[in-house]
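For reference, the chains in residue letters:
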Amino acid sequence: MDLKGKKVLVFGAGKSGIGAADLLGSVGAQPIIYDGNENLDKEAVLHKTNGTYTPEIWAGAFPEGEMESLDLVVLSPGVPTDLPLVKSFYEKGLPVWSEVELAYRTGKGEVLAITGTNGKTTTTALLGKIMGDARESVFVVGNIGTAYTSKSLEMREDSVTVAEISSFQLETTKEFCPVVSALLNVTPDHLNRHKTMENYTLAKAKIFANQGEDGYFVYNADDAICVKTAALCHAKTVPFSRKKQLDFGAFVRDGKIVISDGTSVTEICGADELQMPGLHNLENALAGAAIAYFAGIAAEPIADTLRSFTGVSHRIERCGSKNGVFFVNDSKGTNPDAAVKAVISFENIILIAGGYDKGSEYDEFIASFDGHVKELVLMGVTAPKIREAAEKVGFVNIHNVKNMKEAVEVSYRLAEPGDTILLSPACASWGQFDNYEQRGDMFKEYVRNL
């Protein structure tokens with residue numbers, strides 16, 4: 001679609017929406033930023049745009065009479081596709097794209113795209129570093145924090161885009177087609193939005209929907225849902241495993257990360273050389289190495305990055321110590337499965353958990369406490385739900401708090417030398433915080449205040 005002169009509704013006034021509107025303005029389209037919040041500060045939204053165009057800004061009830069004038073709708077990730085208004089766009093025959101679709105169609109070069117329930121940000125950052133060290137023009141975008149649309153017009157034919165893509169972003173893709181795609185794992189998450197695990201998995205599977213035999217799809221061979229999903233893919237499937245030997249793909253042999261292309265096996269580096277703690281980060285390293293290798297990067301630069309990469313902010317991030325008590329920020333642990341991976345990485349834990357309820361269950365999360373968690377400090381609307389799951393199996397060292405400041409103070413009073421105070425909420429941040437970054441930053445601020 002030639003976007004010049006087109007009237008495009010950008011649904012959502014957050015970071016992704018502003019990025020999409022800026023892109024549209026830059027290519028000569030007529031963007032309209034819409035948000036259902038009738039109290040939206042339109043001036044504040046306008047100040048967030050890049051200033052090269054003047055968008056219309058609509059707020060509150062949607063002006064139904066304007067629908068006929070629209071040429072395209074671009075949905076921000078936070079806008080559910082089952083909203084009556086969104087359904088009406090489809091009924092009118094309007095094309096509805098995600099901002100990822102918009103960015104893909106206006107960008108250039110090759111795309112390497114990563115999705116999964118957990119590990120996306122770490123693997124994307126790792127892969128971005130590998131590619132950045134090996135190629136001249138590299139962009140790391142998407143759910144990792146930089147709007148894909150904010151960078152697509154800077155891309156060249158020789159550019160490589162490394163994109164972290166969420167299920168929300170994938171739902172409304174149409175032609176999005178990475179050269180290499182990856183599915184790291186699938187565990188229950190966002191079921192308040194997707195309703196069923198089948199819907200959630202199928203949204204993830206859209207990452208490879210348009211790939212053909214000339215593309216690669218990297219997937220976790222230790223994850224049953226990933227294995228089943230890989231059967232739907234028409235690209236060359238590349239498994240990775242930390243548990244078993246493979247004839248083809250990335251795996252661990254004799255303590256080394258290796259990659260087999262079907263005819264020969266290439267050693268990358270020792271698993272014990274990784275700077276990121278935890279078995280889950282070994283999986284992330286295997287995935288990142290496989291994506292880079294099948295994107296044409298040699299073993300040596302992959303190994304150099306694996307040996308030096310220390311991880312990302314808010315994911316098992318060590319952030320200080322006091323009187324022998326250690327503090328770890330895992331605010332990125334926004335679902336039970338992610339939090340379990342953090343819990344089993346430490347001993348003698350005072351755990352801070354709780355937050356927004358995405359419809360998750362917490363039985364496996366509580367089961368991971370055995371031998372790891374001494375005390376549980378709960379906050380947010382899920383506190384009663386998590387408490388009930390804990391007490392059901394006899395875990396009673398539970399303390400309710402009102403906010404992050406109190407959580408840090410109470411945790412420190414409970415701790416003894418050698419203990420680790422771990423923020424790994426197993427829940428989204430919404431409600432008390434704007435996002436998980438703000439939650440993690442606040443945790444670190446109160447730790448510094450100690």
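Everything quoted here is computed from the prediction, not taken from an experiment.

## Structural notes on the pattern of salt bridges
Thinking step 1. Evaluation of the coordinates by the stated rule reveals 21 salt bridges.
Thinking step 2. Between Lys7 and Glu66 there is a salt bridge, with its nearest N and O atoms 3.7 Å apart. Of the two residues, Lys7 is situated in strand β1 (residues 7-11) and Glu66 in the loop between β3 (56-59) and β4 (72-75); the sequence distance between them amounts to 59 residues.
Thinking step 3. Take Lys7: its relative accessible area is 16%, and that puts it in the buried class.
Thinking step 4. Note that Asp419 is salt-bridged to Lys374, the shortest N-O span being 2.9 Å.

## Section: the sheet that holds strand β14 (residues 265-270)
Thinking step 1. Strand order in this open sheet of nine strands is β7-β8-β6-β9-β10-β11-β12-β13-β14, and the pairing throughout is mixed. Edge positions in the open sheet fall to β7 (138-142) and β14, since each of these has one partner strand only. Taken over all neighbouring pairs, the strand axes of this sheet differ in orientation by 20° on average, direction set aside.
Thinking step 2. In this sheet, strand β12 (residues 249-253) lies alongside strand β11 (residues 236-241) in parallel orientation, the contact comprising two bridges. The residue of β12 that forms the bridge with Phe240 is Ala250.
Thinking step 3. Docked against the sheet, helix α5 (residues 120-134) engages β6 (110-115), β7 and β8 (160-164), running at close to 170° with respect to β8.

## Focus on empty space enclosed by the protein
Over the atoms, a rolled probe matching the size of one water molecule traces out where space is still vacant.
Thinking step 1. Across all of its chains, the model carries three cavities of 30 Å³ or more by this definition.
Thinking step 2. A volume near 60 Å³ is recorded for the largest cavity.
Thinking step 3. Lining the largest cavity, in full, are Thr122, Met276, Pro277, Asn281, Thr310, Gly311, Val312, Arg315 and Ile316.
Thinking step 4. In terms of lining residues, the second largest cavity is bounded by Asn118, Gly119, Asn185, His280, Glu283, Asn284, Arg315 and Lys341.
Thinking step 5. It is helix α10 (residues 279-294) that contributes the most residues to the lining of the second largest cavity, three residues altogether.
Thinking step 6. Class assignment of the residues belonging to the lining of the second largest cavity gives a composition of no nonpolar, five polar and three charged.

## Re the environment of Ala44
Thinking step 1. Within the secondary structure, Ala44 sits in helix α2 (residues 42-48).
Thinking step 2. Separated by ten residues in sequence, Ala44 and Thr54 have C-alpha atoms that sit 13 Å apart.

What counts as what
Residues numbered from 1 in each chain as written. Predicted model: local features only at pLDDT ≥ 70, side-chain atom pairs only at ≥ 80, totals over all residues. Heavy atoms only, no water. Salt bridge = Lys/Arg side-chain N within 4 Å of Asp/Glu carboxyl O. Helix = DSSP H or I, 4+ residues; strand = E, 2+ residues; numbered from the N terminus. Buried < 20%, exposed > 50% of the residue type's maximum accessible area, 1.4 Å probe, protein only. Pairing = 2+ DSSP bridges. Axes fitted to C-alpha atoms, helices over the stretch in contact; angles between N-to-C directions. Contact = heavy atoms within 4.5 Å. 1 Å grid on protein atoms, 1.4 Å probe; cavity = no way out; pocket = protein on both sides within 12 Å on 5 of 7 lines; lining within 4 Å. Points joined across faces, edges and corners; volume = space filled by probe spheres on them. Nonpolar A, V, L, I, M, F, W, Y, C, P; charged D, E, K, R; others polar.

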